[in-house]
Amino acid sequence: MVDSVMRYFTNRNFKITNEDGHIYGYGKSIWAMIDTETREPVDIMKVDNETISKHIETNYDNPIKKSSRVKLDSNLILQKSIIAHYNDVDINGHVNSIKYIEHILDIFPLEWYKQHSIQKFDIAYIVESHYGETLNFYTDKEIEPINNEVAIQITKSSIEGETEVCRCKIIFG
């Protein structure tokens, strides 16, 4: 549910439950609206006579604190590079948000997940990447031994160099 609207963004809250109401977790996200032809941001409040205002709900309890910027060291360690394939792109032609998360989680060995769970996963998307582009996955620490908190940066390669695509921080418990 939407809890606030800024010019180009909405803040949203999520609660994951089963049919009996048992809560498994919460989520927070910030969504942007873009024009699918120009790829430029759209002022959400100017769409459909501010209809979004009718959907704002502020009486929603979410224990997740607002995310802060993920800080990265300058000494990042390349963990892997992949080429974005058909399975990675969505209907808009860019790499899907969930695919970034899947590729990030694949950095860590299965044995790690047998003993640790993800407590918090913050991700900030910066620019789009597309089919055929090379994505590079960097961490701020060596994977083995893994620290319970890891920052990750994804870049895309081009002739001009590397461009940051997104960054995230995972806290394991």
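Account for the packing of aromatic side chains, naming residues and giving values.
Considering all chains together, one arrives at five aromatic pairs under this definition. Their ring planes at 90° and their centres at 6.3 Å tell us that F108 and Y113 sit as a pair that is edge-to-face. The class for Y113 is partly exposed, based on a relative accessible area of 25%. A centroid spacing of 5.4 Å and a plane angle of 90° characterise the contact between W112 and F172, whose relative ring orientation is edge-to-face.

Go over the sheet that holds strand β3 (residues 23-32), please, and point to the residues and values.
Reading across the sheet, the three strands line up as β1-β2-β3 and stay open at both edges, with antiparallel pairing between neighbours. At either end of the open sheet lies a strand with only one pairing partner, and these are β1 (2-5) and β3. Each adjacent strand pair in this sheet contributes to an overall mean axis angle of 15°, direction not counted. As defined by bridge partners, strand β2 (residues 9-17) adjoins β3 across nine bridges and the pair is classed as antiparallel. Residue pairing for β3: I16 is matched across the bridge by G25.

Provide a residue-level description of the layout of surface pockets, including the pertinent values.
With a probe scaled to a water molecule rolled over the atoms, the places where space remains empty come into view. Counted as a void, the largest pocket has a volume near 2,200 Å³. Contributing to the lining of the largest pocket are 50 residues, with S29, I30, I123, A124 and Y125 lying nearest its centre. If you list the elements that add at least two residues to the lining of the largest pocket, you get β2, β3, α1 (97-105) and β5 (118-125). A class-by-class count of the residues in the lining of the largest pocket yields 26 nonpolar, 13 polar and eleven charged. Approximately 160 Å³ is the volume found for the second largest pocket. Contributions of two or more residues to the lining of the second largest pocket are made by β2 and β3. Here the residues of the lining of the second largest pocket sort into six nonpolar, two polar and two charged.

The rules behind these values
Residues numbered from 1 in each chain as written. Predicted model: local features only at pLDDT ≥ 70, side-chain atom pairs only at ≥ 80, totals over all residues. Heavy atoms only, no water. Phe/Tyr/Trp six-rings, centres within 6.5 Å; stacked < 30°, edge-to-face > 60°. Buried < 20%, exposed > 50% of the residue type's maximum accessible area, 1.4 Å probe, protein only. Pairing = 2+ DSSP bridges. Helix = DSSP H or I, 4+ residues; strand = E, 2+ residues; numbered from the N terminus. Axes fitted to C-alpha atoms, helices over the stretch in contact; angles between N-to-C directions. 1 Å grid on protein atoms, 1.4 Å probe; cavity = no way out; pocket = protein on both sides within 12 Å on 5 of 7 lines; lining within 4 Å. Points joined across faces, edges and corners; volume = space filled by probe spheres on them. Nonpolar A, V, L, I, M, F, W, Y, C, P; charged D, E, K, R; others polar.

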